Amino acid sequence: ASMNKPITLQAPVKQCTVYSNSSEYTASSEKEGSSRHSSKIRANDTFDTARTVFSASTENTQAPHQVSPRDVDMEVEVEEEINFSLDSPMLTDEESVHSKIVSEYGRQVIDNFKKKEVVMTGELLNHEIKGTHRKQMIVWMEEVLRIFKCPLETFFMSVHVMDRYMEFTKESLKLSELHEIGIVSMFLASKYQEIEPLTLDLMISKVAHGKITEKTIRTRELKILNVLKFKLSTPNVLDFLDSFLEYFSPRLEAEDKLHVKEMAVLVAKNGIADRKSAFTTLPSELALCSLIIAIKGYSKQVRKNILTSDFSLAIKSELKSDEAVVLQIGKRLKKLSTEKVF
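Residues numbered from 1 in each chain as written. Predicted model: local features only at pLDDT ≥ 70, side-chain atom pairs only at ≥ 80, totals over all residues. Heavy atoms only, no water.

Caption draft 1: Representation of the pattern of salt bridges in the model. Following the criterion strictly, the structure yields 19 salt bridges and no others. Of the charged contacts in the structure, one is a salt bridge between Glu 177 and Arg 220, with a shortest N-O distance of 2.5 Å. Taken together, the positions of Glu 177 in the loop between α4 (152-168) and α5 (178-193) and Arg 220 in helix α7 (residues 214-227) put the pair 43 residues apart, joining distant regions of the chain. Arg 220 gets classed as buried once you look at its relative accessible area, which sits at 3%. For the salt bridge of Asp 242 with Lys 261, the shortest nitrogen-to-oxygen distance reads 2.8 Å. Here Asp 242 is found in helix α8 (residues 237-247), whereas its partner Lys 261 is found in helix α9 (residues 254-273), with 19 residues between them in sequence. Here the salt bridges share partners, and the residues they tie into one network are Arg 107, Asp 111, Lys 114 and Glu 318. (Salt bridge = Lys/Arg side-chain N within 4 Å of Asp/Glu carboxyl O. Helix = DSSP H or I, 4+ residues; strand = E, 2+ residues; numbered from the N terminus. Buried < 20%, exposed > 50% of the residue type's maximum accessible area, 1.4 Å probe, protein only.)

Caption draft 2: Looking closely at unusual backbone geometry. The backbone of Phe 230 sits at a positive phi, close to 60 degrees, despite the residue not being glycine. Along the polypeptide, Phe 230 turns up in the loop between α7 and α8. Phi is positive for Arg 303, close to 55 degrees, though the residue is something other than glycine. On the basis of relative accessibility, which here comes to 79%, the residue Arg 303 falls in the exposed class.

Caption draft 3: Region of interest: the nonpolar core. In terms of nonpolar packing, the biggest core is built from 77 residues, with Met 186 and Val 207 touching the most fellow members. Ranked by the residues each element gives to this core, the list is headed by helix α11 (residues 283-302), at 10 residues. Residues in contact with Met 186, not counting those within four places in the same chain, are Trp 140, Met 141, Val 144, Leu 145, Thr 154, Ser 158, Met 203 and Val 207. (Core = buried A, V, L, I, M, F, W, Y, C linked by side-chain atoms within 4.5 Å. Contact = heavy atoms within 4.5 Å.)

Caption draft 4: Just the confidence of the model for the protein, in detail. Residues of the protein with pLDDT of at least 70 account for 70%, and the chain-wide mean is 78. Every residue in residues 48-52 is under pLDDT 50, and counting partners more than four places away or in other chains gives 14 contacts. Overall, residues 89-102 carries pLDDT values under 50, and its contacts beyond four positions in sequence, including any with other chains, amount to 19 contacts. (pLDDT = per-residue confidence, 0-100.)

Caption draft 5: View of the packing of aromatic side chains. Within this structure, the stated rule accounts for six aromatic pairs. Among the aromatic residues, those joined into a ring-pair cluster are Phe 113, Phe 240, Phe 244, Tyr 247, Phe 248 and Phe 311. Above the ring of Tyr 247, the side-chain terminus of Arg 107 is found at 4.7 Å from the ring centroid. (Phe/Tyr/Trp six-rings, centres within 6.5 Å; stacked < 30°, edge-to-face > 60°. Lys NZ or Arg CZ within 6 Å of the ring centre and 35° of its normal.)

Caption draft 6: Helix α6 (residues 200-207), seen in detail. Most of α6 is tucked away, with six of its eight residues classed as buried. With its phi angle positive at about 55 degrees, His 209 sits one or two positions after the end of α6.

Caption draft 7: A look at the packing of α11 against helix α13 (residues 323-339). α13 packs onto α11 with a crossing angle of 55 degrees between their chain directions and a minimal axis gap of 9 Å. By the angle between their directions, the pair α11 and α13 is classed as oblique. Considering how the two elements wind past one another, α11 and α13 form a crossing that is right-handed. On the side of α11, the interface is formed by Glu 285, Leu 286, Cys 289, Ser 290 and Ile 293, while α13 contributes Val 326, Gly 330, Leu 333 and Lys 334. (Axes fitted to C-alpha atoms, helices over the stretch in contact; angles between N-to-C directions. Parallel < 35°, antiparallel > 145°, perpendicular 65-115°, else oblique. Left-handed = near helix turned anticlockwise from the far one by under 90°.)

Caption draft 8: Structural view of the environment of Glu 339. Tracing the backbone shows Glu 339 in helix α13. Residue Glu 339 is classed as partly exposed on the basis of its relative accessible area, which comes to 43%. Separated by 69 residues in the primary sequence, Glu 339 and Asn 270 have C-alpha atoms spaced 8.7 Å apart.

This is the structure in structure tokens:
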């Protein structure tokens, strides 16, 4: 599908889900059974962010939201001073018995994830696709998956699959291929993560609006799988975020944990959409920075002492890179979180 024209995805007036066996689910059959896809599309839902124009034009005059590739992506800029620290400004409290208890199983999971996390450069010089195009596609993917009520795991894996494919493929990818790559990445992640994944018919008719054929999707799917050597489960930021929250759960009350995760996920979403943040630090460390920003933000809201000095030290002990490098990423994430891309 060409990316030179605006792409607008609008949900149909009538709720309808087409399954791979060609059967349809509509609102009139709701009483006969429930399905996850039954409420995925509402009549007034539109994919507004899909109206972004991906263009290879380098002219100075451009239409609204039009993006042109540049030698230096706009994400790479001089950082302004932002107050971010791995240390808590709070006084040290006495450690409780629960804060000392850790799950041996959880420890093993995190250590195993760290061994498998992939380091990428995010270098796109071999492609027409630039960092600004990638960011627009990620924002659109998030909206598509949210409207179709896919879990967070699907979104984070979709982005990770797309990034790894663009990183490791030996092909020079055209800008016009980005839409197709994004759709197939979502399709693969949904099939991997969900019990009732997005179907091929739905991806073609509702997401691609018939502009991408079944053959095109299957061909791109095979290309991506071959480049990734059929390894889709490389740990991403959400994998680490969930693991750290479980590992540090003795230090968090159940209700606090839910709110902290919600805030940390928003920070992490902005982080992976930003090429500099996504590729200058490890997924585990981006997750740790997102967690600290969320804990500090939530603590201010509820006026509660959560991030004790001991908790900060425990988080610092999980870092693999130099602390100064991670602090710079934390500053950038904090800045991005105020922009509220998601």
